[in-house]
Amino acid sequence: MKDQLNRPLRDLRISVIDRCNLRCQYCMPKEIFGPDYPFLPPSELLTYDEIERIAKLFVQLGVGKIRLTGGEPLLRKNLPVLIERLVQIEGLHDIALTTNGIFLPKYANDLKKAGLQRVNISLDSINDELFGEMNGRNVGVTPVKRGIEAAKKAGLGIKINMVIKKGMNDSEIIPMATYCKENELELRFIEYMDVGSTNGWKMKDVITKKEIYRKLQESFELEAVEADYFGEVAKKYKYKDSNVLVGFITSVSESFCSSCTRARLSANGNLYTCLFNGNGHNLRDFIRQGADDAAVNAFIKTIWENRRDRYSDERTEETAKQRKKIEMSYIGG
Ligand code: SAM
Ligand code: SF4
Ligand code: SF4
């Protein structure tokens, strides 16, 4: 099954909840996501039965990888139970989780036992004060470090996600790289993106991969590493004096739409074919109205086959402002 630009469907990102314990400025600015923000009521969230069923159908259509995300996915009750169910799906060869890491001391062992292989943990600074300011809740670095330790102990593979925004945390490029290298953690620098319409994104706030790379070269020697598979998003390097990898997600400066094989499912069951879509396709209601598997399969197939998205190829300062886009915390990163 291919879309209009000849791209197969290979990955599914599922947001399991739209709430989060943090208020990262670039994702859920606290001025907008305040105490009165209308988060989804529990009845609107896909149930685990629904997620499992949808996941199975996606696997039949070619998906081999699922990433659970949010909001903060570990705020969803009994997440290990969902993972346990997903790992049993025949044909699904990879399940991952993106988390801010704060609840990992509580859940890492259960997640591993449930069959989870790896986690991406988000950490944007190793400086308590700056991190506290960025996450909008004054949470220091220690709780995340504890989460990283817990994931390590549990035997989960770990990558660290770091979003870089000019004037905010570019001073943390070398300290974060040093921390990750010393602790044998793969760090992924993520270019700041214009997701949603609440983070006030401007092109001038983006630090490109080239700039980050140049900065890294002042302190480290790096060598390029081949991509592992078609559609791998990160451009990867290795420190010459160690086996530790470092990657870049170049969504803004070197877009990768031509190999984008990802679909996204929001916490309330809307299907999106691009991170920058405004409207999704309501899969949940279709299912709740009693659609059988064949009908749901046909629904997904039609959507994928009509897909033409290539937002990052076309992004300009104007599109970033004008286009109505769904919030990252709702659709999942
Ligand atoms: N709460 C979890 C976390 O922070 O890892 C999972 C959800 S979060 C939306 C997923 C990823 O998206 C995180 O690594 C986060 O840093 C990234 N992200 C959020 N807003 C972003 C933006 N404006 N530009 C680039 N990445 C962003
Ligand atoms: Fe929450 Fe993750 Fe968004 Fe930060 S990036 S506000 S931790 S969902
Ligand atoms: Fe995929 Fe849309 Fe991102 Fe392009 S902009 S890589 S189509 S999610």
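Throughout what follows, the structure given in this document is the object of discussion. Being a predicted model, the structure only gives us computed values, none of them experimental.

1. Focus: the nonpolar core
Part 1 of the argument: Judged by nonpolar contacts, the single largest core of 114 residues is most densely connected at Phe-58, Leu-68, Leu-79, Ile-160, Phe-189 and Leu-216.
Part 2 of the argument: Here the element with the most residues in this core is helix H1 (residues 48-60); it accounts for 7 residues.
Part 3 of the argument: When residues no more than four places from it in sequence are discounted, the contact partners of Ile-160 are Ile-121, Leu-123, Ile-148, Met-176, Cys-180, Leu-185, Glu-186, Leu-187 and Arg-188.

2. Notes on unusual backbone geometry
Part 1 of the argument: The phi dihedral of Asn-6 is positive, around 70°, even though this residue is not glycine.
Part 2 of the argument: Note on placement: Asn-6 falls in the segment before strand S1 (11-15).
Part 3 of the argument: Overall, Asn-6 belongs to the exposed group, its relative accessible area being 54%.
Part 4 of the argument: The backbone of Asn-78 shows a phi angle near 55°, a positive value even though the residue is not glycine.

3. Focus on H1
Part 1 of the argument: Taking 1.5 Å as the rise per residue, H1 with 13 residues should run 18 Å; its terminal C-alpha atoms sit 18 Å apart, in good agreement.
Part 2 of the argument: Buried residues of H1: Tyr-48, Glu-50, Ile-51, Glu-52, Ile-54, Ala-55, Leu-57, Phe-58 and Val-59, and no others.
Part 3 of the argument: After H1 finishes, the residue Gly-62 shows a positive phi value of roughly 120°.

4. Overview of the packing of aromatic side chains
In this description, an aromatic ring pair is defined by two values, namely the gap between the centres and the angle between the planes.
Part 1 of the argument: If you walk through the whole model with that rule in mind, you get 10 aromatic pairs.
Part 2 of the argument: Between Tyr-237 and Phe-248, the aromatic rings sit 5.7 Å apart at their centres with planes inclined by 85°, giving edge-to-face as the arrangement. Of this pair, Tyr-237 sits in strand S8 (residues 235-239) while Phe-248 is found in strand S9 (residues 245-249), placing the two residues 11 residues apart along the sequence. Exposure class is identical for Tyr-237 and Phe-248. Each is buried.
Part 3 of the argument: Summarising the aromatic geometry, the rings of Phe-286 and Phe-299 are spaced 4.6 Å apart at their centres and angled 20° between planes, so their arrangement reads as stacked. Taken together, the positions of Phe-286 in helix H8 (residues 283-288) and Phe-299 in helix H9 (residues 293-305) put the pair 13 residues apart, joining distant regions of the chain.

The rules we used
- One numbering rule holds for all chains: residues counted from 1, following each sequence as written.
- In the order they appear in the text, chains get letters beginning with A and ligands get numbers beginning with 1.
- Where totals are concerned, whole chains, interfaces and linings use all residues; where local detail is concerned, this predicted model gives features only for residues with pLDDT of at least 70, and gives and counts side-chain atom pairs only at 80 or more.
- Water and hydrogen atoms play no part in the side-chain values, which are based on all heavy atoms of the structure.
- In plain words, nonpolar cores are sets of buried Ala, Val, Leu, Ile, Met, Phe, Trp, Tyr and Cys residues tied together by side-chain atoms within 4.5 Å.
- Only protein chains enter the accessibility calculation, which uses a 1.4 Å probe. A residue is then buried if its area is under 20% of the maximum for its type, exposed if over 50%, and partly exposed in between.
- We count a stretch as a helix when DSSP gives it H or I for four or more residues in a row; a strand needs E for two or more, and each element gets its number in order from the N terminus.
- When checking whether two residues touch, look at their non-hydrogen atoms; a contact exists if any pair is within 4.5 Å.
- Every helix has an expected span of 1.5 Å times one less than the residues it contains.
- By convention, a stacked pair of Phe, Tyr or Trp rings (six-membered ring in the case of Trp) has centres within 6.5 Å and planes under 30 degrees apart, an edge-to-face pair has planes over 60 apart, and any other such pair is tilted.

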